[in-house]
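Next come the chains, spelled out residue by residue.
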Amino acid sequence: MTAQHRVTELKTLSCSASWRNYYFVKITTDDGLVGWSEFDEGFGSPGVGAVIEQLASRVVGQSVMQHERIREDLHCVTRPGSGGVVGQALGAIENALLDAKAKTLGVPCYDLLGGKIRDRLRVYWSHCVTWRAGRVPHYQPEIHDAAGVRDLAREVREKGFTGLKTNIWRYEQDGKIARWATGFGTPFAPELNIDRKVLKGLREHLEILRDAAGPDMDIMLDLNFNAKTEGYLRILREIADLDMFWVEIDTLNPQALAYLRSQSRHPIASCETLIGVQQFLPFLREQAVDVAIVDTPWNGVWQSMKIAAAAEAHEVNVACHNFYGHLCTMMNAHFCAAVPNLRIMEVDIDRIAWDHELFTHVPVYEDGHLVLPDRPGWGTEPNEDAIKEYPPIAVHGLMGRSRPQS
């Protein structure tokens with residue numbers, strides 16, 4: 001009997017990533033091929049895996065060659081609750097189907113997207129300072145003060161990267177570094193007010209990075225969800241004279257963001273928590289963004305290409321949201337290689353100690369660029385034996401918080 005490239009099994013797997021878990025979808029076909037994708041439950045999205053498991057029976061028996069049909073079928077049965085964790089579950093399934101389809105054809109996933117436009121992708125070092133200072137002891141060397149910040153900024157430059165992104169940090173009287181992420185409960189201050197101390201500290205932080213990284217480093221600032229319109233405006237005025245590549249502001253109000261963009265001397269990037277073309281359109285129509293950030297694990301890479309096309313019609317370039325495991329990096333890389341209107345690609349260079357064990361291939365970086373592989377599918381897979389060696393954290397909280405300390 002000739003194989004029909006039909007799904008015989010769809011399941012989820014997970015493992016510990018030190019302060020969070022990595023999550024994967026595994027699709028097996030009747031011709032013995034396996035398609036993989038990576039998704040996330042720690043970035044405010046508990047329960048994505050449960051949705052995937054509920055939908056698995058509708059995927060089994062269908063051909064991976066018809067990923068668009070499968071996705072639309074799943075959308076039909078989840079329409080009343082579309083978006084959120086449901087939308088992310090559909091994206092995870094779509095991405096695994098794309099991997100399986102590409103492997104069936106013996107081609108890289110970017111060939112399914114129209115072919116690659118670029119072989120090398122300019123990347124920026126994301127969560128610069130944030131991981132080493134805010135996730136102690138998971139990333140080494142740890143950062144506790146301004147000296148550590150300077151050392152890291154020089155390291156970014158010396159390793160050949162030309163861009164970095166940081167978050168809101170300030171410095172206490174004893175010289176210790178302190179994070180300001182009230183939108184995520186650190187500290188818990190739901191009013192999200194921005195005071196003089198935060199403004200002074202943030203400016204000092206950016207000036208330290210600029211001084212140590214040098215004049216040619218592109219610096220990005222992530223402010224997402226950590227203020228309201230008035231507070232964002234105060235920050236933009238405080239840093240108006242600094243040299244910034246972009247300021248990242250996530251808000252669910254496109255009119256408010258359009259106003260902020262009109263007041264900003266720096267380009268505005270946003271939209272990384274949106275799902276589907278329909279959610280992006282108000283921000284594009286309001287001319288609220290200079291760069292539209294797309295989370296391809298959440299949306300599915302095929303759907304993300306549609307979002308990028310909508311952005312292109314509004315004269316807006318795109319970037320990817322990418323702070324997960326190496327499989328997500330490669331999924332994003334195929335999107336970035338194929339999409340015409342690319343601005344830059346996000347990557348986390350700081351990794352946990354056993355990241356390289358969990359995947360068959362890790363990304364290759366040269367001179368601040370990710371080198372795109374030509375292996376079939378996404379170009380890397382989870383290592384199932386290694387995953388078993390690092391069982392998932394049972395109760396890890398969200399955003400890496402509220403996990404019982406050992």
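Residues numbered from 1 in each chain as written. Predicted model: local features only at pLDDT ≥ 70, side-chain atom pairs only at ≥ 80, totals over all residues. Heavy atoms only, no water.

### Here's the deal with the overall build of the chain
The helix and strand inventory of the chain stands at 14 helices and 15 strands. Looking at the chain as a whole, 60% of its 406 residues qualify as buried. Taken together, the 42 basic and 53 acidic charged side chains of the chain have centroids lying 3 Å from each other. (Helix = DSSP H or I, 4+ residues; strand = E, 2+ residues; numbered from the N terminus. Buried < 20%, exposed > 50% of the residue type's maximum accessible area, 1.4 Å probe, protein only. Lys, Arg positive; Asp, Glu negative; His and termini not counted. Charge placed at Lys NZ, Arg CZ, Asp CG, Glu CD.)

### Considerations on the pairing of strand 4 (residues 120-125)
Relative to strand 15 (residues 369-371), strand 4 is paired through three bridges, and the arrangement is antiparallel. Bridge pairing links Leu 121 to Leu 370 in strand 15. Across three bridges, strand 4 lies against strand 13 (residues 342-347) in parallel orientation. The residue of strand 13 that forms the bridge with Val 123 is Met 345. (Pairing = 2+ DSSP bridges.)

### Quick look at the state of the cysteines
Counting across every chain of the model gives zero disulfides. With no disulfide partner, Cys 109 has as its closest neighbouring cysteine sulfur the one in Cys 328, 13 Å distant. Its sulfur unpaired, Cys 320 is 3.8 Å from the next cysteine sulfur, which belongs to Cys 336. (Disulfide = S-S within 2.5 Å.)

### Remarks on the layout of surface pockets
Empty space within the second largest pocket amounts to approximately 360 Å³. Listed by contribution, the elements that provide at least two residues to the lining of the second largest pocket are helix 2 (67-78), helix 3 (84-105), helix 10 (277-285) and helix 12 (301-313). By residue class, the composition of the lining of the second largest pocket is five nonpolar, ten polar and two charged. (1 Å grid on protein atoms, 1.4 Å probe; cavity = no way out; pocket = protein on both sides within 12 Å on 5 of 7 lines; lining within 4 Å. Points joined across faces, edges and corners; volume = space filled by probe spheres on them. Nonpolar A, V, L, I, M, F, W, Y, C, P; charged D, E, K, R; others polar.)

### Structural notes on the nonpolar core
With 108 residues, the main nonpolar core has Leu 121, Val 129, Leu 164, Leu 223, Ile 249, Phe 335 and Met 345 as its most contacted residues. Looking at which element gives the most residues to this core, the answer is helix 13 (residues 326-338), with nine residues. The residues touching Met 345, leaving out its near neighbours within four places in the chain, are Leu 121, Arg 122, Val 123, Tyr 124, Cys 320, Asn 322, Thr 329, Asn 332, Ala 333, Cys 336 and Leu 370. Judged by nonpolar contacts, the second largest core, of 23 residues, contains Leu 55, Ile 70, Ile 93 and Ala 96. (Core = buried A, V, L, I, M, F, W, Y, C linked by side-chain atoms within 4.5 Å. Contact = heavy atoms within 4.5 Å.)

### Here's the deal with the sheet that holds strand 1 (residues 7-16)
The three strands are arranged 1-2-3 in an open sheet whose pairing can be described as antiparallel. Either end of the sheet is taken by a strand with one partner, and the two such strands are strand 1 and strand 3 (34-39). This sheet shows a mean twist of 20° between the axes of neighbouring strands, independent of strand direction. In this structure, strand 2 (residues 21-29) lies alongside strand 3, joined through six bridges in antiparallel fashion. Its bridge partner being in strand 3, Lys 26 is matched across the sheet by Trp 36. The strands touched by helix 3 are strand 1, strand 2 and strand 3; relative to strand 3, the strand with the most contacts, the crossing angle is about 150°. Here helix 13 sits on the sheet in contact with strand 2 and strand 3, set at roughly 100° to strand 3. (Axes fitted to C-alpha atoms, helices over the stretch in contact; angles between N-to-C directions.)

### Quick notes on the environment of Leu 97
The topology assignment puts Leu 97 in helix 3. With 280 residues separating them in the primary sequence, Leu 97 and Gly 377 have C-alpha atoms 9.9 Å apart. Apart from residues lying up to four places away in sequence, Leu 97 is in contact with Val 7, Ile 27, Val 59, Val 64, His 67 and Ile 70.

### Here we look at the pattern of salt bridges
Inspection of every chain in the model, using the stated rule, returns 23 salt bridges. Between Glu 381 and Lys 103 there is a salt bridge; the shortest N-O distance is 2.5 Å. Of this pair, Glu 381 sits in the loop between strand 15 and helix 14 (384-389) while Lys 103 sits in helix 3; the two residues are 278 residues apart in sequence, bridging distant segments of the chain. Taking the shortest distance from any N to any O, the salt bridge between Lys 165 and Glu 346 comes out at 3.2 Å. With Lys 165 in strand 5 (residues 163-166) and Glu 346 in strand 13, this pair connects stretches of sequence that are 181 residues apart. Classification of Lys 165 as buried rests on a relative accessible area of 3%. Judged by relative accessible area, which is 2%, Glu 346 ranks as buried. (Salt bridge = Lys/Arg side-chain N within 4 Å of Asp/Glu carboxyl O.)

### Digging into the packing of aromatic side chains
The tally for this structure, following the rule as stated, stands at 16 aromatic pairs. Ring geometry for Phe 24 and Trp 36: centres 6.5 Å apart, planes at 90°, overall edge-to-face. One end of the pair, Phe 24, is in strand 2; the other, Trp 36, is in strand 3, with twelve residues separating them in the sequence. The lysine or arginine in question, Arg 20, covers the ring of Phe 323, its NZ or CZ lying 5.2 Å from the ring centre. The ring centre of Trp 19 lies 4.0 Å from the NZ or CZ of Arg 135, which sits over that ring. (Phe/Tyr/Trp six-rings, centres within 6.5 Å; stacked < 30°, edge-to-face > 60°. Lys NZ or Arg CZ within 6 Å of the ring centre and 35° of its normal.)

### Let's talk about the packing of helix 3 against helix 12
Between helix 3 and helix 12, whose axes approach to 8 Å, the crossing angle comes to 105°. In terms of orientation, helix 3 and helix 12 fall into the roughly perpendicular class. Two secondary-structure elements touch here, helix 3 through Glu 94, Asn 95 and Leu 98 and helix 12 through Val 301, Trp 302 and Gln 303. Across the contact of helix 3 with helix 12, the residue classes tally to three nonpolar, two polar and one charged. (Parallel < 35°, antiparallel > 145°, perpendicular 65-115°, else oblique.)

### Quick notes on the environment of Glu 68
Turning to its location among the elements, Glu 68 is positioned in helix 2. Sequence separation between Glu 68 and Gln 88 is 20 residues; the distance between their C-alpha atoms is 15 Å. Other than its neighbours up to four places away in sequence, Glu 68 contacts Trp 302, Gln 303 and Lys 306. Engagement of the side chain of Glu 68 in a polar contact is seen with the side chain of Lys 306, the distance being 2.7 Å. (Polar contact = N/O pair within 3.5 Å; in protein donor to acceptor, adjacent residues only side chain to side chain.)

Purely geometric numbers; function is a separate question.
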